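# Fold and contact review
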Amino acid sequence: MTAGWDPKQYLTFDNHRLRPALELLLRIPHDAPAQVVDLGCGPGNVTPYLRERWPGAVITGVDNSGEMLTTARKSGVDATWCEADLVTWTPEAPVDVMYTNAALQWAEDHEALFPRLMSMLAPGGVLAVQMPRNFGQPSHTTMKVAAAQGPWAAKLARVERRAPVAEPDFYYGLLAPLSEKLDIWETRYVQVLTGENPVAEYTKGSWLKPMLDALEEPERSGFEAAYRKLVLAAYPPREDGTTLFPFTRLFMVAVN
Ligand SMILES: C[S@@+](CC[C@H](N)C(=O)[O-])C[C@H]1O[C@@H](n2cnc3c(N)ncnc32)[C@H](O)[C@@H]1O
């Protein structure tokens, strides 16, 4: 671990999305990578921490959203930003650390994608992945129920995706034969949220978004209201006003 990079300090962050990203970063057994990729980097929320841990590395942030990359560029982090689909993107040089936090759940066909990412690694290189695995939880199952129960059902059936993240066993089977060393684990974070219907707010920025985007008014508001009602019943607020939102995340660190 490089001097000046204090994992303990970062892990004091009370931030539901940043914490798993940093816990993944902590587990990467590479002290001086030359080439680091932040795959599905989004607005570059985590890239500064990669830069801080590895000041000497060339860091490339890849995302297929121009809007996200505009924000990333403005952050001033010393990295190269590349607009590309992570499923087909190919690095220019072998990669020492392929870091991908909360992104691969958006890609299909993991059976092809994970070996492809492993094949991009330099000897001793590391693939580090974190994905949410909460698709069987009420936060998501109530989306399906609300989607099926309204005039919007046919339109939403067209955008509905099957659970994109498989069991740990599936990834172990894929990666173990390709890895010198494989660390795979799950963490169930009990997120303590506040607000009127905080689980609905949480999913609105992620899994609910493509469904809302597929509808026009007044169906959009109608579907959202139906979902909000179901999800509130599934996660009732406690007497003290907080809502507990258990959230499982799957982590993998594979050494080439
Ligand atoms: C939840 S954000 C995570 C951002 C960042 N890794 C973080 O941890 O803060 C997921 C990102 O994956 C990107 N993404 C989704 N599908 C992608 C694809 N096929 N190719 C490239 N980026 C993709 C999205 O644009 C989005 O920025």
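First things first, this report covers the structure right here in the doc. Worth saying up front: this structure is predicted, and the values here are computed from it rather than measured.

It is worth spelling out the packing of helix 5 (residues 110–119) against helix 8 (residues 168–175) at this point. Put simply, helix 5 and helix 8 touch, their axes get as near as 10 Å, and they point 45° apart. The angle between the axes of helix 5 and helix 8 places the two elements in the oblique class. Helix 5 and helix 8 meet at a crossing whose hand is right-handed. Every residue of helix 8 that contacts helix 5 at His110, Glu111, Phe114, Pro115 and Met118 is listed here: Phe170, Tyr171, Leu174 and Leu175. Looking at the contact of helix 5 with helix 8 residue by residue, the class counts come to seven nonpolar, one polar and one charged.

Once that is clear, we can look at the pairing of strand 7 (residues 242–255). Along strand 7, 13 of the 14 residues are buried, which leaves the element largely enclosed by surrounding structure. One ladder, built from seven bridges, connects strand 5 (residues 121–132) with strand 7; its direction is antiparallel. Its bridge partner being in strand 7, Met131 is matched across the sheet by Leu250.

What follows is about the sheet that holds strand 7. Spatially, seven strands are ordered 3-2-1-4-5-7-6 in an open sheet, and the strand pairing comes out mixed. Across the chains shown, the open sheet's two edge strands, defined by having one partner strand only, are strand 3 (80–83) and strand 6 (181–194). On average, each strand axis in the sheet is inclined to that of its neighbour by 15°, with strand direction left out of account. Across six bridges, strand 4 (residues 95–101) lies against strand 5 in parallel orientation. Looking across to strand 5, one finds that Tyr99 is bridged to Ala128. The strands touched by helix 4 (residues 66–74) within the sheet are strand 2 (58–63) and strand 3, with strand 3 carrying the most contacts at an inclination of about 170°. Where helix 8 meets the sheet, it contacts strand 5, strand 6 and strand 7, and its direction lies at approximately 150° from that of strand 6.

With that settled, the discussion passes to the pattern of salt bridges. One pass over the structure, following the stated rule, counts 14 salt bridges. Among the salt bridges present, the one from Arg19 reaches Glu23, with a minimum N-O distance of 3.0 Å. One end of the pair, Arg19, and the other, Glu23, are both in helix 2 (residues 18–26), four residues apart, so they sit about a helical turn from each other. Accessibility expressed as a relative area gives 38% for Arg19, which makes it partly exposed. Because the salt bridges share partners, they merge into one network encompassing Glu201, Lys204, Glu224 and Arg228.

Estimates place the volume of the largest pocket at around 1100 Å³. Around the largest pocket sit 40 residues that line it, and Met68, Ala102, Ala103, Gln105 and Trp106 are the ones nearest its centre. Elements that contribute at least two residues to the lining of the largest pocket include exactly strand 2, strand 4, helix 9 (198–204), helix 10 (209–213) and strand 7. For the lining of the largest pocket, the class distribution of residues is 20 nonpolar, 13 polar and seven charged. If you add up the space inside the second largest pocket, you get close to 270 Å³. In terms of lining residues, the second largest pocket is bounded by 14 residues, among which Met143, Lys144, Glu160, Arg161 and Trp207 are the most central. Only helix 6 (138–148) and helix 10 provide two or more residues apiece to the lining of the second largest pocket. If one sorts the elements of the lining of the second largest pocket by residue count, helix 6 sits on top with four residues. Class assignment for the residues of the lining of the second largest pocket results in eight nonpolar, two polar and four charged.

What counts and what doesn't
- Residues numbered from 1 in each chain as written.
- Predicted model: local features only at pLDDT ≥ 70, side-chain atom pairs only at ≥ 80, totals over all residues.
- Heavy atoms only, no water.
- Axes fitted to C-alpha atoms, helices over the stretch in contact; angles between N-to-C directions.
- Helix = DSSP H or I, 4+ residues; strand = E, 2+ residues; numbered from the N terminus.
- Parallel < 35°, antiparallel > 145°, perpendicular 65-115°, else oblique.
- Left-handed = near helix turned anticlockwise from the far one by under 90°.
- Contact = heavy atoms within 4.5 Å.
- Nonpolar A, V, L, I, M, F, W, Y, C, P; charged D, E, K, R; others polar.
- Buried < 20%, exposed > 50% of the residue type's maximum accessible area, 1.4 Å probe, protein only.
- Pairing = 2+ DSSP bridges.
- Salt bridge = Lys/Arg side-chain N within 4 Å of Asp/Glu carboxyl O.
- 1 Å grid on protein atoms, 1.4 Å probe; cavity = no way out; pocket = protein on both sides within 12 Å on 5 of 7 lines; lining within 4 Å.
- Points joined across faces, edges and corners; volume = space filled by probe spheres on them.

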